[in-house]
Amino acid sequence: EPTLSPDLVRWVRFAKDNGVRETVLCTNGAVFENRKRIDELLVAGLDVFNVNFPAHIDRLYDAITQTSGYFSRRVGAVKNLIDIAGGSKVRLHVVVNKFNYKILPDYARFVREEFPGIFFVEYNMIKVLGYVKGRTVLVPTLTDMDPYLRESWRRLKSYGIRFITDGFPLCYMTGFEKDSIDAWKLARGEGLYINEKSKTPRCEGCTLAALCPGPRRDYVELHGDGELRPSALDAGVLKSRLLEDGA
């Protein structure tokens, strides 16, 4: 948790003074119950507060974060961030896992009601790393997640709230392909973190191959690639739409 560092403000200032275009703080948001801490980072030049917010139900939030009784305080901290920094500087980060994927449609509604004006929500596919290596039950299948993710994204669109995804292959994002950060990067020739994903034989013949890195390697090692289904969409049209989006 970077906010535990007494030198955080100094490091943010150092980054901005040395030409870093965008500084993003990935945090659990705990310290932002103290509104003064927000002001300090804004003055130093912090651009985006990226807050891990895995569930909108208190007991589920506790289970995922392995904490107790902090949910309402985290909600208050995010509201402080939006109030002081402005919604355009705040985004929520949710790692989709076995505990929370079924509640994601209601999560979208909660975001609209509790955090009006928020920049966007980022949905990340769970990685089989660290703690998860010994608890692979936390990794749901794409097939199981699909209807809940799709409804959550549909609701956010209807509310006018932006979102991005990371780690979900485009064949499981039909109708939402433009919201994939992987596709956004590949349309621009960027490859950062793309090597965590890889195409499989099931990707053969997919028209979106140039814009999709494939599923996460660790996901395929765990669940295989039998769920993948090559797309027949026009990659040129999708690439044009991605390039038009400068976000």
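Residues take numbers from 1 onward in each chain, read along the sequence in its written order. It should be noted that, the model being predicted, local features are given only for residues of pLDDT at least 70 and side-chain atom pairs only at 80 or more, the latter also being counted only at that level, while totals for whole chains, interfaces and linings use all residues. Hydrogens and water molecules were not included; the side-chain quantities draw on all heavy atoms of the structure.

Participant: Which parts of the structure should I look at to understand the sheet that holds strand β4 (residues 120-125)?
Facilitator: The strands making up a sheet are joined through hydrogen bonds of the backbone, oriented either antiparallel or parallel. Should DSSP find at least two bridges between two strands, the strands are regarded as paired. Each helix corresponds to a stretch of at least 4 residues labelled H or I by DSSP, and each strand to a stretch of at least 2 residues labelled E; elements are numbered beginning at the N terminus. Read across the sheet, 5 strands follow the order β1-β2-β3-β4-β5 without closing on themselves; strand pairing throughout is parallel. Edge strands, defined here as strands with exactly one partner in the open sheet, are β1 (24-27) and β5 (162-166). In this sheet, neighbouring strand axes are inclined to one another by 20 degrees on average, regardless of whether the strands run parallel or antiparallel. Sheet topology places strand β2 (residues 48-52) next to strand β3 (residues 90-96); 4 bridges connect them, and they run parallel. Residue pairing for β3: Asn-52 is matched across the bridge by His-93. The convention used is that axes are lines fitted to C-alpha atoms, helices contributing only their stretch in contact, and that angles between N-to-C directions extend from 0 to 180 degrees.

Participant: I'm lost on the nonpolar core in this one. Help?
Facilitator: Throughout, nonpolar core names a set of buried Ala, Val, Leu, Ile, Met, Phe, Trp, Tyr and Cys residues whose side chains join them through atoms within 4.5 Å. Between buried and exposed lies partly exposed: a residue is buried under 20% and exposed over 50% of the maximum accessible area for its type, with that area taken using a 1.4 Å probe on protein chains only. In this structure, Phe-53, Leu-92, Val-121 and Tyr-123 are the most contacted members of the largest nonpolar core, which totals 69 residues. A per-element tally of this core places helix α4 (residues 71-85) first, with 7 residues. The contact criterion used throughout is that any non-hydrogen atoms of two residues lie within 4.5 Å. Excluding anything up to four places from it in sequence, Val-121 contacts Leu-92, Val-94, Tyr-107, Val-111, Leu-156, Ile-161, Arg-162, Phe-163 and Ile-164.

Participant: Would you explain the pattern of salt bridges in this entry?
Facilitator: When the charged atoms of two side chains with opposite charge come close together, those side chains can pair. Here a salt bridge means any side-chain nitrogen of Lys or Arg lying within 4 Å of a carboxyl oxygen belonging to Asp or Glu. What the rule picks out here adds up to 21 salt bridges. For Glu-151, the salt bridge identified is with Arg-155, shortest N-O distance 2.9 Å. You can see Glu-151 and its partner Arg-155 sitting in helix α6 (residues 142-159), 4 residues apart, about one turn around the helix. Exposure remark for Arg-155: the relative accessible area of 21% places this residue in the partly exposed category. Asp-182 is the partner of Lys-197 in a salt bridge, and the nearest nitrogen-oxygen pair spans 2.9 Å. In this pair, Lys-197 sits in the loop between α7 (181-187) and α8 (217-223) while Asp-182 sits in helix α7, placing the two residues 15 residues apart along the sequence. Taken individually, Lys-197 and Asp-182 each receive the classification buried, so the pair is uniform in this respect. One salt-bridge network, in which partners are shared between bridges, spans Asp-106, Arg-109, Arg-112, Glu-113, Glu-151, Arg-154 and Arg-155.

Participant: Is there a simple way to explain the packing of aromatic side chains in this structure?
Facilitator: Aromatic ring pairs are described here by two measures, namely the spacing of the ring centres and the angle between the planes. When two rings of Phe, Tyr or Trp (its six-membered ring) have centres within 6.5 Å they constitute a pair, described as stacked for plane angles under 30 degrees, edge-to-face for angles over 60, and tilted for the intermediate range. A full pass over the atoms with the stated rule returns 18 aromatic pairs. Ring centres 5.7 Å apart and planes at 10 degrees place the aromatic pair Trp-153 and Phe-163 in the stacked group. Remark: Phe-163 occurs in strand β5 and Trp-153 occurs in helix α6; sequence separation between them is 10 residues. For the residue pair Trp-153 and Phe-163, the accessibility class agrees, reading buried in each case. Members of the aromatic cluster, each reached through a chain of ring pairs, are Phe-53, Tyr-61, Phe-71, Tyr-107, Phe-110 and Phe-115. The positively charged end of Arg-112 is found above the aromatic ring belonging to Tyr-159, 4.2 Å away from the centroid. Taking the ring centre of Tyr-172 as reference, the NZ or CZ of Arg-229 above it sits at 4.0 Å. Over a ring means this: the NZ of a Lys or the CZ of an Arg is within 6 Å of the ring centre and within 35 degrees of the ring normal.

Participant: In this structure, what is going on with the packing of helix α2 (residues 35-44) against α4? I would like to understand it.
Facilitator: For any two helices packed against each other, the geometry comes down to the angle between their axes and how far apart the axes lie. α4 packs onto α2 with a crossing angle of 45 degrees between their chain directions and a minimal axis gap of 10 Å. Compared by their axis directions, α2 and α4 come out oblique. Where α2 crosses over α4, the two elements pack in a sense that is right-handed. On the side of α2, the interface is formed by Arg-35, Ile-38, Asp-39 and Leu-42, while α4 contributes Asn-80, Leu-81, Asp-83, Ile-84 and Ala-85. Should an angle lie under 35 degrees it is considered roughly parallel, over 145 roughly antiparallel, and from 65 to 115 roughly perpendicular; all remaining angles are considered oblique. What makes a crossing left-handed is the near helix being turned counterclockwise from the far one by less than a right angle; a clockwise turn instead makes it right-handed.

Participant: Explanation requested: the environment of Thr-3 in the structure shown.
Facilitator: Along the polypeptide, Thr-3 turns up in the segment before α1 (8-17). Sequence separation of Thr-3 and Thr-23 is 20 residues, and the distance between their C-alpha atoms is 14 Å. With residues near it in sequence (within four places) discarded, Thr-3 still touches Leu-8, Leu-25, Thr-27, Val-31, Phe-32 and Arg-37. For this analysis, a polar contact is any N or O atom pair within 3.5 Å, provided that within protein one partner can donate a hydrogen and the other can accept it, and provided that sequence-adjacent residues contribute only side-chain to side-chain pairs. Of the polar contacts made by the side chain of Thr-3, one reaches the side chain of Glu-1; its length is 2.7 Å.

Participant: Sorry if this is basic, but what is going on with the environment of Asp-83 here?
Facilitator: On the secondary structure map, Asp-83 appears in helix α4. Taking the C-alpha atoms as reference points, Asp-83 and Gly-160, 77 residues apart in sequence, are found 19 Å from one another.

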